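# Geometric and topological summary
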Amino acid sequence: MTAGGYEHLLRWYPSAWRERYGDEMAALLEDTYAAASEVPLRQRASLAWSGLAERSRSAGIVGWSPSPDLRLRGGSLLVLCGWVFYVVAGAIFAKSADHWSSGSPSAGHWVATGGFNVVGAAAGGGTLVVVLAALVVLPAFVRFVRSGRWREVSRPVLVALGSGAASALLFVILVAWAHSLSGHERNGGLPIYGWFFVVVSLVFFAALACGTVAAIAVARRLELSHRTLHALGLMAVALVGVMALTIVSLVAWWASEAVHAPGFLAQVIGNGMPFQSSVVPPTLLVSGVLMVFGLALGLAGLVRIVGTLGRGGRAVA
Amino acid sequence: MPRRTAPKGDLGRSNEPPVLILTSLAAGPKHGYALTKDIEEFAGVTLGPGTLYGAIARLEDRGLIAPEPVGSDARRRPYRITGEGRVALEAAVREMRTLADVGARRLGITGRVAARGMPA
């Protein structure tokens, strides 16, 4: 393997890290594996993992930084990552609870109705918070681009835009197709439509992941004032509140359905793959697990933000 | 709220990379490959490049080790332990010795541990 080959293995690390330690690490790889002529797969995977961990650390997402601004930034980004899981979970829940109000006898039950409405309102509220946060950092992003640093983030941003455009295009095709189909065909009667729906969903989730990566890549490079980071931290705290409210409301709706309308849960889309249940349908289970995971990330970010704001944003040696 | 970071001198357990690296550097400056070989020899632990340099970066950030001026080979930069690093390692060694002493006493193997070269 050439020196360039060893350096290529370090592509997972952030550029600042590669600048500082890249040559030394490449030399270490060369000294260790020159005789074997190949770096073992396990070691490659370990380098990828370490590199991604360093990227997360440099964004303030993992590890601990004495800089309060970096802690606020990292905490806010952690909450954003948690929210992305909520978006995926929410999309699954929305499809699972499709036609709930007309198809479930418990639609008039106040717990189910209240829970369902709060989930919808929380989704809107959470989206609003994220859009507000994007608007708050927009001037800094414009300054960043004008300073000639666009190239640093062009790749993840263009990938995010491309995947977003592909997802939107597929969604338009899906909606147009759905309009020409009967309710039975849309809900499993036409397998090819079902498979296309799965593909569109996967592309949407991939676009969401690419968008998150781009947002992190941009956010960790922006010059943000302490005041802006403080505002973002407060928005992130509000977002965690929305996430907690969503999960409580979802559980209330779910429990009410399980008690009053198990027949509706039994007919939830995807029930039977891989198991059938009128209490815990697989799609709702996946949605719930994703929400719990998202909330865990959100809470990790919350601890970081509240800990920093609680110290009045002072640096800790 | 408790601090979410280890104090500057807290290096973790005896088999953790920071302790192993400081122990190795206590015998003199070394570059990456020399460090891994030395640690393999005295601790029987092989640190991968990612783990090694992750720990080196953290130790350097905390001022416990410092890079030496590069010689003829800029790609094989040696590191040395700093005064603060020495203090932190001493504290870690004392803590380990205390733990080893208590464990040995409770197991009634003080003599055997001493015979195997543990400092009294």
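Scroll up to find the structure.
Reading the values: rules and limits
Every chain's residues receive numbers from 1 upward, in the order its sequence appears when written. Chains carry letters from A onward and ligands carry numbers from 1 onward, assigned in written order. Only residues with pLDDT of 70 or above have their local features reported here, since the model is predicted, and side-chain atom pairs are shown and tallied only from 80 upward, although totals for entire chains, interfaces and linings are computed over all residues. Water and hydrogen atoms were dropped before computing side-chain values, which therefore reflect all heavy atoms in the structure. Each patch is assembled from residues with relative accessible area greater than 30% and no salt bridge, linking like charges that lie within 9 Å and nonpolar side chains (Val, Leu, Ile, Met, Phe, Trp, Tyr) that lie within 5 Å. The method behind every accessible area is Shrake-Rupley, applied with a 1.4 Å probe, and residues are considered shielded solely by the protein chains displayed. Any carboxyl oxygen of Asp or Glu that lies within 4 Å of a side-chain nitrogen of Lys or Arg is treated as forming a salt bridge with it. Helical segments are the DSSP runs of H or I of at least four residues, strand segments are the runs of E of at least two, and each set is numbered from the N terminus. Accessible area is worked out with a 1.4 Å probe on protein chains only. A residue is then buried under 20% of its type maximum, exposed over 50%, and partly exposed in between. Whether two residues are in contact is decided by their heavy atoms, any of which lying within 4.5 Å being enough. For this analysis, a polar contact is any N or O atom pair within 3.5 Å, provided that within protein one partner can donate a hydrogen and the other can accept it, and provided that sequence-adjacent residues contribute only side-chain to side-chain pairs. Side-chain classes are defined by residue name, with Ala, Val, Leu, Ile, Met, Phe, Trp, Tyr, Cys and Pro counting as nonpolar, Asp, Glu, Lys and Arg as charged, and the others, Gly among them, as polar.

On to a nonpolar patch on the surface. All names here are of chain A. Taken together, the side chains of Leu128, Val131, Leu132, Leu135, Leu138 and Val142 define a hydrophobic patch exposed on the protein surface, amounting to about 520 Å² of accessible area. Its place among the elements puts Leu128 in helix H6 (residues 110–179). Classification of Leu128 by relative accessible area gives exposed; the value is 56%.

Right, let's get into the environment of Trp177 of chain A. All names here are of chain A. Turning to its location among the elements, Trp177 is positioned in helix H6. The partly exposed category is assigned to Trp177, whose relative accessible area is 27%. Through-space distance from the C-alpha of Trp177 to that of Ala91 is 19 Å; in sequence the pair is 86 residues apart. Among residues more than four places away in sequence, those in contact with Trp177 are Leu190, Ile192, Tyr193 and Phe196.

A full pass over the atoms with the stated rule returns 15 salt bridges over all chains. The salt bridge partner of Glu30 of chain A is Arg75 of chain B, with a shortest N-O separation of 3.0 Å. Taken together, the residues span two chains, with Glu30 of chain A in helix H2 (residues 15–33) and Arg75 of chain B in the loop between strand S1 (65–67) and strand S2 (79–81). Note on Glu30 of chain A: relative accessible area 23%, which makes it partly exposed. Overlapping salt bridges bring together Glu30 and Asp31 of chain A together with Asp73, Arg75 and Arg76 of chain B as one network.

It is worth spelling out the interface of chain A and chain B at this point. Interfaces are often sized by the amount of accessible area the parts lose when they come together. In this complex, chain A contributes 27 residues to the contact, which on the side of chain B involves 24 residues. The tally of links between chain A and chain B comes to 6 salt bridges. Here Arg20 of chain A ties to Glu60 of chain B by a salt bridge, and the two come within 3.0 Å at their closest N and O atoms. Seen at the junction of chain A and chain B, the total is 9 residue pairs in polar contact (both at pLDDT 80 or more). For the side of chain A that touches chain B, the secondary-structure elements that each account for two or more residues are H2, helix H3 (41–58) and helix H11 (282–310) of chain A. Per-class residue counts for the side of chain A that touches chain B are 14 nonpolar, 4 polar and 9 charged.

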